[in-house]
Amino acid sequence: MRHNKKLENTMEAQVIKKLLILGTINTAAFMFSQDTVHDTISARNKIIDEVVITGNSNPKSSIKTSTSISTLKQADIINSAPRTTAEIFRTIPGIRSESSGGEGNSNITVRGVPVSAGGSRYLLIQEDGLPVMQFGDIAFGTQDQFTRFDSFVSRVEALRGGSASVFASNSPAGIINFITKTGEKKGGSITQQVGLNYNNFRTDIDYGTPLGKDFYIGVGGFYRGGDGPRKTGYTSNNGGQFRLSLLKKFEKGSIRVYGKYLDDRTAAYMPMPIAVSGSDANPDYSSLSNYNILTGALQSSHFKNDLTFGGNGQILKSDIRDGMHSVSKTVGLEFNYDLGAGWKLDAKARYVANDGQFLAPFPAAVGSKSEILESVAGYGSAVYAGTSTAVDNDRKYMKTVLFNTKLNNLNNFFSDLNISKKWNKVKLNAGVYNSRQNINLSWNWNTYLMEVSDNNARLVDIISNTGTKITDNGLLHYGVPDWGGVNRNYDTKYSVIAPHAQVEINPIANLTFDLGVRYDFGNVSGSFSGTKNTTRIIDVNQNGIIETPELSVAVVDGTVPVDYKYTIFGYSFGANYALNSHHAVFARVSQGGSASADRILFAGYNYTNNDDPALDAVKVNKLNQIEAGYKVRGANYFLNTTFFYAKTIEANYEATTQLRTENKYQSWGIEFDGFYKINKYFDIKAGLTYTHAEIKNAIDPAIIGNMPRRTPKLMYSFNPNVNIEKLSFGFFAVGSTKAFTQDSNKLIMPGYIIINPYISYRLLHNLTLNVNANNVFNALAITEAEEGSLQGTNGIVRARTLPGRTIGASVKFDF
């Protein structure tokens with residue numbers, strides 16, 4: 001949008017000026033320190049640094065790497081009061097985690113790289129160095145749906161930037177790695193959590209012990225039940241996870257076998273109705289009279305069951321209370337061996353069987369009785385479903401699409417075989433990565449009518465003037481004719497073989513060069529169906545009577561074969577110069593990509609012609625990055641400053657808008673990540689990321705030059721912490737400046753800051769009490785909205801917000 005462009009440019013110039021001043025201060029501090037800091041580190045002058053393994057072929061201290069990486073320890077994660085896995089990532093500098101969808105279906109990206117589709121297209125979540133899913137943006141099967149943090153996780157490492165291009169497939173912007181315990185550290189813990197102002201009851205357990213000489217076992221996991229942070233009208237969170245690790249060490253290496261079983265049901269939160277007044281540039285968001293946007297949910301105790309005609313021709317009965325039902329059965333193997341003469345072998349492999357279901361109400365349209373109910377063809381009157389009570393004329397109503405997607409088969413297999421050699425000044429690593437990912441989904445969606453209410457909303461039936469029911473217990477359509485019909489089947493397989501190599505050279509003592517290359521050879525096969533949008537007369541409820549919705553039942557018809565190949569060449573070249581033991585400068589140039597999976601199906605390409613330039617243009621989403629920065633370490637502080645530039649070329653197809661996009665993006669900015677221990681009682685962590693992003697090219701010329709949707713100029717977090725003997729307290733603050741809801745750059749989402757305070761007290765040497773709060777001040781934090789402008793709306797938009805205040809307590813017993 002071009003309004004107030006001069007003012008925006010002036011404000012941006014002021015922000016850049018302040019950031020440059022801060023960068024100059026960093027440089028001045030570095031120059032001054034050359035005369036005051038020596039390379040010799042005494043016990044009194046010990047630097048703060050950590051050994052990192054993610055995104056590095058050779059584990060090393062972070063100041064010796066030309067990468068940007070953060071480590072989150074278990075205590076930090078617990079204190080930040082995450083209610084979902086994706087909320088853990090909000091405190092990591094440079095990572096934008098839109099964690100408003102519940103325990104899954106979150107949108108995650110890095111440093112101005114766009115979120116043009118759901119999930120995390122350019123960032124992968126790993127567990128112990130292998131991906132959770134091969135693609136981070138599978139519709140209704142995102143990787144965070146199958147990832148849970150529990151007390152068996154020892155730490156989380158988050159790599160941002162281009163080096164990820166050569167260490168994993170489909171993750172050119174970053175890697176978040178959950179590193180689990182092995183049982184080597186004897187002992188364990190039991191943690192009992194309970195919600196104080198919301199219904200939540202969860203137990204975590206972990207234990208490790210040696211079973212014999214150099215043989216260790218670790219077990220852990222969690223189980224929980226409750227409503228979650230929003231009122232759904234029923235127990236919406238119900239399930240848990242179990243982990244097992246067996247480790248055997250021998251003289252020249254080790255072997256580890258591990259497993260995981262996840263069976264968890266949680267509520268999925270879609271955009272919700274919210275009132276908006278004012279203008280696009282200065283909107284005023286507020287809750288509707290019967291719907292609190294901070295605590296409400298579209299789920300309802302009156303909306304528990306769904307009946308539809310399944311993708312395979314069967315009658316599918318679903319319990320909507322299952323929500324996001326994620327089932328994952330995992331077995332993995334790790335092996336390393338010292339071959340002698342500097343040669344080492346390292347191998348990892350994992351097989352995972354994933355399935356489940358995704359059920360969530362989505363408001364296709366929201367408005368008054370006349371706008372929603374009376375617009376139904378044949379309308380005569382309206383009653384609440386199952387009653388003869390006429391609906392309230394003054395209430396708001398929704399045409400609701402129930403996203404009912406069966407996750408039939410999301411199984412995957414990953415292996416990564418590496419061999420490395422160390423010489424005097426050279427370290428070489430070469431390997432082969434192999435993967436298989438199934439995407440077998442069935443979209444079985446229906447359309448309903450219901451009232452807008454955060455207190456068990458009622459379904460609505462429409463009756464014609466002749467007394468015929470047009471709906472069946474709120475069901476308006478079997479399918480979604482308003483969107484052209486979206487009942488679909490996906491049955492595709494994605495295989496990748498990726499040879500890769502990394503070499504590290506130390507020509508002189510303090511200088512390190514690293515070069516990595518990766519070549520992905522991908523093959524896609526299978527089919528998808530549902531392109532003809534066919535309807536038939538079917539007695540879906542099998543009562544022997546054809547009701548009005550059964551006169552036009554959407555069926556999956558029209559099959560398209562898929563058989564194509566793709567390649568991704570990635571490289572990353574970095575240099576790190578340690579000026580002394582406390583200071584280093586680094587730079588990196590990288591290229592990578594992320595293959596398009598289900599997101600480009602149904603978009604009308606020829607999926608069996610490898611020579612088709614139209615298909616070739618959308619097979620791979622490309623990302624080029626440049627980074628340069630400065631790192632400083634001291635006895636009680638560290639600061640990482642990184643300048644970054646990214647260029648993205650991508651394609652997408654969005655189900656709810658039926659729009660195909662092929663866009664080019666550009667972004668640049670600066671990232672700060674720091675820690676300062678003022679004294680033995682007080683310390684503070686902080687992160688800040690400034691991003692300037694722009695759409696450089698698009699199918700729609702009107703959006704060229706605009707800011708990509710939902711991209712704020714500034715993201716920040718800080719965590720002051722106080723430790724006084726047995727007492728620890730502080731808070732996490734996570735904030736963002738304003739952003740546009742859509743690429744049209746009209747309607748603004750206001751900036752926000754979320755405050756999460758905590759207090760912890762060690763009652764005994766092995767017994768700790770913790771109380772924490774998430775969004776304690778009930779800040780309205782909008783993360784996305786369907787509408788791009790208030791123009792043409794009725795004063796209601798559909799948006800996802802972070803939940804309101806939740807307060808929890810936990811007791812941890814260590815043994």
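See the structure above.
Conventions used here
- Residues numbered from 1 in each chain as written.
- Predicted model: local features only at pLDDT ≥ 70, side-chain atom pairs only at ≥ 80, totals over all residues.
- Heavy atoms only, no water.
- Helix = DSSP H or I, 4+ residues; strand = E, 2+ residues; numbered from the N terminus.
- Rg over C-alpha atoms; globule rule 2.2 N^0.38 Å.
- Buried < 20%, exposed > 50% of the residue type's maximum accessible area, 1.4 Å probe, protein only.
- Contact = heavy atoms within 4.5 Å.
- Areas by Shrake-Rupley, 256 points an atom, 1.4 Å probe, with all protein chains shown as cover.
- 1 Å grid on protein atoms, 1.4 Å probe; cavity = no way out; pocket = protein on both sides within 12 Å on 5 of 7 lines; lining within 4 Å.
- Points joined across faces, edges and corners; volume = space filled by probe spheres on them.
- Nonpolar A, V, L, I, M, F, W, Y, C, P; charged D, E, K, R; others polar.
- Pairing = 2+ DSSP bridges.
- Axes fitted to C-alpha atoms, helices over the stretch in contact; angles between N-to-C directions.
- Phe/Tyr/Trp six-rings, centres within 6.5 Å; stacked < 30°, edge-to-face > 60°.
- Lys NZ or Arg CZ within 6 Å of the ring centre and 35° of its normal.
- Salt bridge = Lys/Arg side-chain N within 4 Å of Asp/Glu carboxyl O.
- Polar contact = N/O pair within 3.5 Å; in protein donor to acceptor, adjacent residues only side chain to side chain.
- Core = buried A, V, L, I, M, F, W, Y, C linked by side-chain atoms within 4.5 Å.

Enquirer: Even after reading the chapter, I still don't get the overall build of the chain, so can you show me in this structure?
Expert: Looking only at helices and strands, the chain has 4 helices and 46 strands in total. In terms of overall dimensions, the chain is globule-like: its C-alpha atoms have a radius of gyration of 27 Å, near the 28 Å expected for 815 residues. Each of the three principal axes of the chain carries a C-alpha extent, and together these read 90 × 60 × 50 Å. Taken over 815 residues, the chain has a buried fraction of 57%. Sequence separation of 24 or more characterises 70% of the internal contacts of the chain that already satisfy a separation of 6 or more. Carbon and sulfur atoms form 57% of the exposed surface of the chain, whose accessible area is close to 31,400 Å².

Enquirer: Help me understand empty space enclosed by the protein in this model?
Expert: The gaps left among the atoms become clear once a water-sized probe is rolled over them. Throughout the structure, instances matching the rule amount to 12 cavities of 30 Å³ or more. For the largest cavity, the calculated volume is near 280 Å³. If you list the elements that add at least two residues to the lining of the largest cavity, you get strand 4 (95–98), strand 37 (682–697), strand 38 (714–724), strand 39 (727–736) and strand 44 (782–785). Here the lining of the largest cavity gets 4 residues from one element, more than from any other, and that element is strand 4. For the lining of the largest cavity, the residue count by class is 13 nonpolar, 9 polar and 5 charged.

Enquirer: Help me out: how do you make sense of the sheet that holds strand 16 (residues 283–286) in this one?
Expert: Sheet strands pair via backbone hydrogen bonds, and the direction of the pair is either parallel or antiparallel. Spatially, 16-15-45-44 is the arrangement adopted by the 4 strands of the open sheet, whose pairing is antiparallel. The sheet terminates laterally at strand 16 and strand 44, the two strands that pair on one side only. Adjacent strand axes in the sheet meet at a mean angle of 50 degrees, parallel and antiparallel pairs treated alike. Where strand 15 (residues 272–278) meets strand 16, 4 bridges bridge the pair, whose relative direction is antiparallel. Its bridge partner being in strand 16, Val276 is matched across the sheet by Tyr285.

Enquirer: Help me out: how do you make sense of the environment of Asn290 in this one?
Expert: By the element assignment, Asn290 lies in the loop between strand 16 and strand 17 (305–309). Between the C-alpha atom of Asn290 and that of Asp454, which follows or precedes it by 164 residues, the distance is 6.4 Å. In contact with Asn290, not counting residues within four places along its chain, are Arg395, Val452, Ser453 and Asp454.

Enquirer: Honestly, the packing of aromatic side chains in this entry has me stumped. Any pointers?
Expert: The description of an aromatic ring pair uses the distance of the two centres, along with the angle that the planes make with each other. Overall, the coordinates contain 33 aromatic pairs when judged by the stated rule. Ring geometry for Trp443 versus Trp445: centroids 4.6 Å apart, planes at 5 degrees, classification stacked. Here Trp443 matches Trp445 in class, with each residue buried. When the ring of Phe732 is compared with that of Tyr758, the centres are 5.9 Å apart and the planes differ by 45 degrees; the resulting orientation is tilted. Of this pair, Phe732 sits in strand 39 while Tyr758 sits in strand 42 (residues 752–764), and the two are 26 residues apart along the sequence. Phe732 gets classed as buried once you look at its relative accessible area, which sits at 7%. Through pairs of rings, three or more aromatic residues link up here, namely Phe140, Phe358, Phe362, Phe403, Trp443, Trp445, Trp483, Tyr490, Phe528, Phe602, Tyr605 and Tyr607. A cation over an aromatic ring shows up here: Arg202 above the ring of Phe222, its NZ or CZ 4.0 Å from the ring centre. Over the ring of Tyr433 we find Arg518, and its NZ or CZ is 5.0 Å from the ring centre.

Enquirer: Any chance you could explain the sheet that holds strand 7 (residues 130–131) here in plain terms?
Expert: Read across the open sheet, the 5 strands follow the order 3-8-9-6-7; overall the sheet is mixed. Pairing within the sheet leaves two strands with one partner each, and these edge strands are strand 3 (68–73) and strand 7. For strand 3 and strand 8 (residues 153–160), the ladder comprises 6 bridges, and the chain directions are antiparallel. In the strand pairing of strand 8, Thr71 is matched with Glu157.

Enquirer: Please explain the pattern of salt bridges as it appears in this structure.
Expert: A side chain with one charge may pair with a side chain of the opposite charge, provided their charged atoms come close. Taken as a whole and assessed by the stated rule, the structure comprises 38 salt bridges. When the shortest N-O distance is used, the salt bridge between Glu98 and Arg710 registers 3.1 Å. Placement of Glu98 in strand 4 and of Arg710 in the loop between strand 37 and strand 38 is noted, with a sequence separation of 612 residues between them. As far as the burial class goes, Glu98 and Arg710 line up, both buried. Here the salt bridges share partners, and the residues they tie into one network are Glu103, Arg148, Arg224 and Asp264.

Enquirer: For this particular structure, what's the right way to read the pairing of strand 24 (residues 426–443)?
Expert: Each regular strand shows side chains that alternate between the opposite faces of the sheet. Summarising the sheet, strand 22 (residues 396–409) and strand 24 pair through 4 bridges and their orientation is antiparallel. If you follow Lys406 over to strand 24, its bridge partner there is Ser442. Bridge analysis of strand 23 (residues 412–422) against strand 24 gives 11 bridges, and the strand direction is antiparallel. When the sheet's bridge partners are listed, Asn418 is paired in strand 24 with Gly431. Where strand 23 hands over to strand 24, the hairpin turn is made up of 3 residues, counted between the paired strands. Strand direction decides the pairing type here: strand 24 and strand 28 (residues 488–508), joined by 18 bridges, are antiparallel.

Enquirer: Please clarify how the side chain of Asn429 should be interpreted in this entry.
Expert: Considering the arrangement of structural elements, one finds Asn429 in strand 24. In this structure the side chain of Asn429 is engaged in a polar contact, spanning 2.6 Å, whose partner is the side chain of Gln502.

Enquirer: So what exactly am I meant to see when it comes to the nonpolar core here?
Expert: One finds Phe89, Ile95, Phe403, Trp445 and Tyr607 to be the most contacted residues of the largest nonpolar core, which totals 113 residues. Ignoring any residue separated from it by four or fewer positions in sequence, one finds Phe89 in contact with Ile95, Ser97, Ile108, Ile125, Ile176 and Phe178. Counting 13 residues, the second largest nonpolar core, distinct from the first, contains Ile372, Leu373, Tyr397 and Leu476.

Enquirer: Teacher, can you tell me more about the environment of Thr405 here?
Expert: With respect to the element layout, Thr405 can be found in strand 22. With residues near it in sequence (within four places) discarded, Thr405 still touches Phe140, Gln357, Phe358, Leu441, Ser442, Trp443 and Trp445. A distance of 3.3 Å separates the side chain of Thr405 from the side chain of Trp445, its partner in a polar contact.

Enquirer: Looking at this structure, I do not really get unusual backbone geometry. What am I missing?
Expert: Backbone phi values are negative for most residues with the exception of glycine, while trans is the configuration of most peptide bonds. In the Ramachandran plot, Arg111 falls in the positive-phi region, its phi being about 45 degrees despite a non-glycine side chain. Tracing the chain through its elements places Arg111 in the loop between strand 5 (107–110) and strand 6 (123–127). Accessibility expressed as a relative area gives 3% for Arg111, which makes it buried. Of note in this structure, Asn456 is not a glycine but carries a positive phi near 55 degrees. In this structure, Asn456 sits in the loop between strand 25 (446–451) and strand 26 (460–463).

Bear in mind that shape data such as this cannot, by itself, settle questions of function.
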